[in-house]
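# Geometric and topological summary
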Amino acid sequence: MLKNIGKFMFMIELGFKYIGKFEKTFFDPLTTLKPAYKQLSIDRQNYSNNVLDFLNIEVEVIGEVPKKDKILYAINHRSLLDILVMENIFSKYEKSGTWIAKQDLFDHWLYGKFFRASGCMSVDLNNGKGLLTFFKKMKKTLARVDNFNIYIFPEGERNKEVCIKKFQSGAEKIAKSNKLDMVPVFIDETLETVFKNAPFKEKKVVKVYIGDIIEGTDLETGYKEVMKNTSKAWCVS
């Protein structure tokens, strides 16, 4: 019980400190989009790395993160740790970008402000006008920020099953409408269980498989090709 309270308190207190950092960048009228997103990315990455260090979690990457930018990274989703694990990887490769998330997260009473101020983009799937606004903002940002990347969970929500759920169409639509390459990323761990048991006395290693840029096929098919090299290969055999 105390173990759980301790990690939540650490994350919340640190989160409020970083919200202040985010807001200095987010609301600075003199900072243009490119340096703003770069700084917001660095701050999100630093927050994530601090939390992972506290939980004693290490991330092992299998595969290569592309050197080029303007890529949509499609990631499986099981836990709040998914974002922290991926930000840890992006910090090592100095990647700049944003997370796409449902409007519900931005409206949440506790961590909504963190998402809003840290440069993430919201999308209201049930609002046609909201979708149009989202796609316009995305296109405008990509036109003005040449080192931008998109991070998204194509399953659309946390998956409590062992195998991946059927992908929603949003991720592929975003990639095609903005001429982005798509890279599949599979976190080969039940991170909800990892988070429940953290912090660890001995280092806990989380494996993340990063595939090649998908060519000649759809996102879900290309994603399943990456999974064939993981412990969940039986899901797609």
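Residues numbered from 1 in each chain as written. Predicted model: local features only at pLDDT ≥ 70, side-chain atom pairs only at ≥ 80, totals over all residues. Heavy atoms only, no water.

## Considerations on the overall build of the chain
What counts, and what does not: A run of DSSP states H or I qualifies as a helix once it reaches four residues; a run of E qualifies as a strand once it reaches two. Both are numbered from the N-terminal end. Restricting the calculation to C-alpha atoms gives the radius of gyration, and the globule rule supplies 2.2 Å times the number of residues raised to the power 0.38. Any residue under 20% of the maximum accessible area for its type is buried, any over 50% is exposed, and the rest in between are partly exposed; the area is computed with a 1.4 Å probe on protein chains only. Here, residues are in contact when the closest pair of their heavy atoms is within 4.5 Å. Accessible areas in this description were obtained via Shrake-Rupley with a 1.4 Å probe; residue shielding takes into account the shown protein chains only. Positive: Lys, Arg. Negative: Asp, Glu. His and the chain ends are not part of the count. For the purpose of locating charges, the reference atoms are NZ of Lys, CZ of Arg, CG of Asp and CD of Glu.
Each helix and strand in the chain was counted, giving 9 helices and 7 strands. Here the chain has a C-alpha radius of gyration of 17 Å; the compact-globule value for 237 residues is 18 Å, and the two agree. Oriented by its inertia axes, the alpha-carbon framework of the chain measures out at about 45 × 45 × 35 Å. Counting all 237 residues of the chain, 47% fall into the buried class. Residue pairs at least 24 apart in sequence account for 76% of intrachain contacts in the chain once pairs closer than 6 positions are excluded. Looking at the chain as shown, the accessible area adds up to about 12500 Å², and 54% of this sits on carbon and sulfur atoms. Put simply, the chain has 38 plus and 30 minus side-chain charges, and the middle of one group is 4 Å from the middle of the other.

## Comments concerning the nonpolar core
Inclusion rule: We define the nonpolar core as a collection of buried residues of types Ala, Val, Leu, Ile, Met, Phe, Trp, Tyr and Cys that are connected through side-chain atoms lying within 4.5 Å of one another.
One finds Tyr73, Ile75, Leu81, Met86, Trp99 and Val208 to be the most contacted residues of the largest nonpolar core, which totals 42 residues. For this core, the element with the most residues is helix α3 (residues 81–92), which contributes 7 residues. Setting aside anything within four residues of it in sequence, one finds tyrosine 73 in contact with Val65, Pro66, Phe90, Lys95, Asn149, Ile150, Tyr151, Ile152, Val183 and Val185. Formed by 28 residues, the second largest nonpolar core is a distinct cluster that contains Phe134, Val145, Ile150 and Ile152.

## What about the sheet that holds strand β5 (residues 150–152)?
In plain terms, the rule: Two strands qualify as a pair provided DSSP detects at least 2 bridges between them. Here an axis means a line fitted to C-alpha atoms, over the contact stretch when the element is a helix, while the angle between two N-to-C directions is reported on a 0 to 180 degree scale.
Pairing is mixed in the open sheet, where 7 strands are placed in the order β1-β7-β6-β2-β5-β3-β4. Of all strands in the sheet, those with a lone pairing partner are β1 (57–63) and β4 (121–123), marking the two edges. Strand-to-strand twist of the sheet, defined as the mean angle between neighbouring strand axes without regard to direction, takes the value 25°. By the bridge criterion, 5 bridges tie strand β2 (residues 71–75) to strand β6 (residues 181–187) in an arrangement that is parallel. What sits directly across from isoleucine 71, in β6, is aspartate 181. α3 rests against β1, β2, β3 (98–102), β5, β6 and β7 (204–210) of the sheet, and its axis sits at about 65° to β1. Where helix α7 (residues 170–177) meets the sheet, its contacts fall on β2, β5 and β6, and the angle it forms with β2 comes to roughly 170°.

## Observations concerning the pairing of β6
Within a regular strand, side chains alternate between the sheet's two faces. By the criterion of burial, β6 is predominantly enclosed, with 6 of the 7 residues buried. Relative to β7, β6 runs antiparallel, the two being bridged by 3 bridges. Bridge pairing links phenylalanine 186 to tyrosine 209 in β7.

## Quick look at the packing of aromatic side chains
How we decide: When two rings of Phe, Tyr or Trp (its six-membered ring) have centres within 6.5 Å they constitute a pair, described as stacked for plane angles under 30 degrees, edge-to-face for angles over 60, and tilted for the intermediate range. Lysine and arginine charges are scored as sitting over a ring when NZ or CZ, respectively, is within 6 Å of the ring centre and within 35 degrees of the ring normal.
Under the criterion given, the structure shown has 18 aromatic pairs. Taken together, a centroid distance of 5.4 Å and an interplanar angle of 75° make the contact between phenylalanine 8 and phenylalanine 195 edge-to-face. Separated by 187 residues along the polypeptide, phenylalanine 8 in helix α1 (residues 2–26) and phenylalanine 195 in helix α8 (residues 191–197) bring together distant segments of the chain. In textbook terms, an aromatic cluster arises when at least three aromatic residues are bridged by ring pairs, as seen for Tyr73, Phe90, Trp99, Tyr151 and Phe153. Stacked on the ring of phenylalanine 195, the Lys or Arg lysine 7 has its end atom at 4.6 Å from the ring centre.

## Let's talk about the side chain of asparagine 56
Topologically, asparagine 56 is positioned in the loop between α2 (33–55) and β1. Here asparagine 56 is in contact with Phe200, Lys201, Glu202, Lys203 and Lys204, once residues within four sequence places are set aside.

## Here we look at the packing of helix α6 (residues 128–144) against α7
This is how the line gets drawn: Oblique is the label for every angle not falling under 35 degrees (roughly parallel), over 145 degrees (roughly antiparallel), or within 65 to 115 degrees (roughly perpendicular). Working rule for handedness: look at the near helix, and if it is turned counterclockwise from the far one by less than a right angle, call the crossing left-handed; if clockwise, right-handed. Here the term charged refers only to Asp, Glu, Lys and Arg, the term nonpolar to Ala, Val, Leu, Ile, Met, Phe, Trp, Tyr, Cys and Pro, and the term polar to all other amino acids, Gly among them.
Interhelical geometry of α6 versus α7 gives an angle of 45° and a closest axis separation of 11 Å. Of the possible angle classes, the one that applies to α6 and α7 is oblique. In the packing of α6 onto α7, the handedness of the crossing is right-handed. Two secondary-structure elements touch here, α6 through Phe134, Phe135 and Lys139 and α7 through Lys173, Ile174 and Ser177. Each residue belonging to the contact of α6 with α7 can be placed in one class, and the counts come to 3 nonpolar, 1 polar and 2 charged.

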